[in-house]
Amino acid sequence: MKKFDVLNQISSIGVVAVVRGNSAEQAVKISDYCIKGGVTAIELTYTVPGARGIIETLANKYASNKDVVIGAGSVLDPETCKGAIEAGAKFIVAPSFNPEVALLCNRYQVPYVPGTQTIKEIVTAMEYGSDVIKVFPGDILGPRFIKDVKGPLPYANLMPSGGVDVNNIADWIKAGVVAVSAGSSLTAGAKTGDYDAVAAMAEKFIAEVKNARAALKK
């Protein structure tokens, strides 16, 4: 899958599932049920034990499903990034910007989505080739931050992470984000073993994104 295909797919889906778990089995199951509910962009974080192996498992499992795109999250350094790409990650996400990771991703034509908090960080990330930039933590910065950034930088493709839920997706979309990133608000059901609830919440996220986008066209 080429870089622009991955970026278009993330934008089209509108939601990236941030998957964490206590074990490989739980992380794979959370991913499966997010995908079942329609959130087919999966960010498997390196906070999960054995993350590289899980990425490889998911990448192989869904290799024939063109609707699914598997990425890696919490990538802090180029060594981890290279391993994730070798395991099959199609996009790389981080809580902060690292120029070495940006250059490595450019070399392998893999989208790099670094976390940012300021205009300067956003511009720097764009200068290093990031086509989609994570705004983190979203619950602190808020939709108004997106709106303000889009004033001087209308071409910035921003994706909030942290504090995003089905009740505020419309606010983020209206502010101008290209997609949203969701973790615990999407996958909470897994904590009690209710994976059907994860799939149901994924469906709600997708529906809210579609509704919010449709409202902007009216």
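Thresholds, definitions, all that
- Residues numbered from 1 in each chain as written.
- Predicted model: local features only at pLDDT ≥ 70, side-chain atom pairs only at ≥ 80, totals over all residues.
- Heavy atoms only, no water.
- Phe/Tyr/Trp six-rings, centres within 6.5 Å; stacked < 30°, edge-to-face > 60°.
- Lys NZ or Arg CZ within 6 Å of the ring centre and 35° of its normal.
- Core = buried A, V, L, I, M, F, W, Y, C linked by side-chain atoms within 4.5 Å.
- Buried < 20%, exposed > 50% of the residue type's maximum accessible area, 1.4 Å probe, protein only.
- Helix = DSSP H or I, 4+ residues; strand = E, 2+ residues; numbered from the N terminus.
- Contact = heavy atoms within 4.5 Å.
- Pairing = 2+ DSSP bridges.
- Axes fitted to C-alpha atoms, helices over the stretch in contact; angles between N-to-C directions.
- Arc of directions from axis to C-beta.
- Polar contact = N/O pair within 3.5 Å; in protein donor to acceptor, adjacent residues only side chain to side chain.
- 1 Å grid on protein atoms, 1.4 Å probe; cavity = no way out; pocket = protein on both sides within 12 Å on 5 of 7 lines; lining within 4 Å.
- Points joined across faces, edges and corners; volume = space filled by probe spheres on them.
- Nonpolar A, V, L, I, M, F, W, Y, C, P; charged D, E, K, R; others polar.
- Salt bridge = Lys/Arg side-chain N within 4 Å of Asp/Glu carboxyl O.

Caption draft 1: Structural context of the packing of aromatic side chains. Evaluation of the coordinates by the stated rule reveals 3 aromatic pairs. Taken together, the aromatic side chains of Phe97, Tyr112 and Tyr128 make up a single cluster linked through ring pairs. A cation over a ring is seen here: lysine 134 above phenylalanine 136, with NZ or CZ 4.9 Å from the ring centre.

Caption draft 2: Representation of the nonpolar core within the structure. In this structure, Leu44 and Ile92 are the most contacted members of the largest nonpolar core, which totals 76 residues. Considering each element in turn, this core owes the most residues, 7 residues, to helix α10 (residues 195-216). Sequence-distant contacts of isoleucine 92, defined by excluding residues within four places in its chain, comprise Ala72, Val75, Cys81, Ala84, Ile85, Val101, Cys105, Val110, Pro111, Tyr112 and Val113.

Caption draft 3: Focus on the sheet that holds strand β7 (residues 133-135). Pairing is parallel across the open sheet formed by 3 strands, whose spatial order is β6-β7-β8. Only two strands of the sheet have a single neighbouring strand rather than two, namely β6 (115-116) and β8 (158-160). Here β6 pairs with β7 via 2 bridges, running parallel. Pairing of threonine 116 across the sheet is with valine 135, part of β7. With respect to the sheet, helix α6 (residues 119-127) is in contact with β6, β7 and β8, its orientation differing from that of β7 by roughly 160°. Along the sheet, helix α7 (residues 138-150) contacts β6, β7 and β8; its crossing angle with β7, the most-contacted strand, is approximately 125°.

Caption draft 4: Summary view of helix α5 (residues 99-108). Burial in α5 covers these residues: Val101, Ala102, Leu104 and Cys105. All buried residues of α5 lie within an arc of 165° about the axis, which places them on one face of the element. Among the exposed residues of α5, those oriented more than 90 degrees off its buried face are Glu100 and Arg107. As for α5, its buried residues are in contact with α4 (78-87), β4 (92-93) and β5 (112-113). Near the N-terminus of α5, the side chain that reaches the backbone nitrogen of glutamate 100, with its oxygen 2.8 Å away, is that of asparagine 98. Glutamine 109, located one to two residues past α5, shows a positive phi value of around 55°.

Caption draft 5: Local environment of empty space enclosed by the protein. Applying the stated criterion to the full structure yields 1 cavity of 30 Å³ or more. Classifying every residue of the lining of the largest cavity by side-chain character gives 7 nonpolar, no polar and no charged.

Caption draft 6: The arrangement of the pattern of salt bridges in detail. Applying the stated criterion to the full structure yields 5 salt bridges. Salt-bridge contacts for arginine 52 lead to glutamate 86; the nearest nitrogen and oxygen are separated by 3.2 Å. Within this pair, whereas arginine 52 is found in helix α3 (residues 51-61), its partner glutamate 86 is found in helix α4, the two being separated by 34 residues in sequence. Notably, a salt bridge pairs arginine 144 with aspartate 148, separated by 3.1 Å at the nearest N-O pair. On the criterion of helical spacing, the pair formed by arginine 144 and aspartate 148 is a turn pair, its members being 4 residues apart in helix α7. With relative accessibility at 45%, the residue aspartate 148 sits in the partly exposed group. A cluster of three or more residues bridged by salt bridges with shared partners is formed by Arg52, Lys82 and Glu86.

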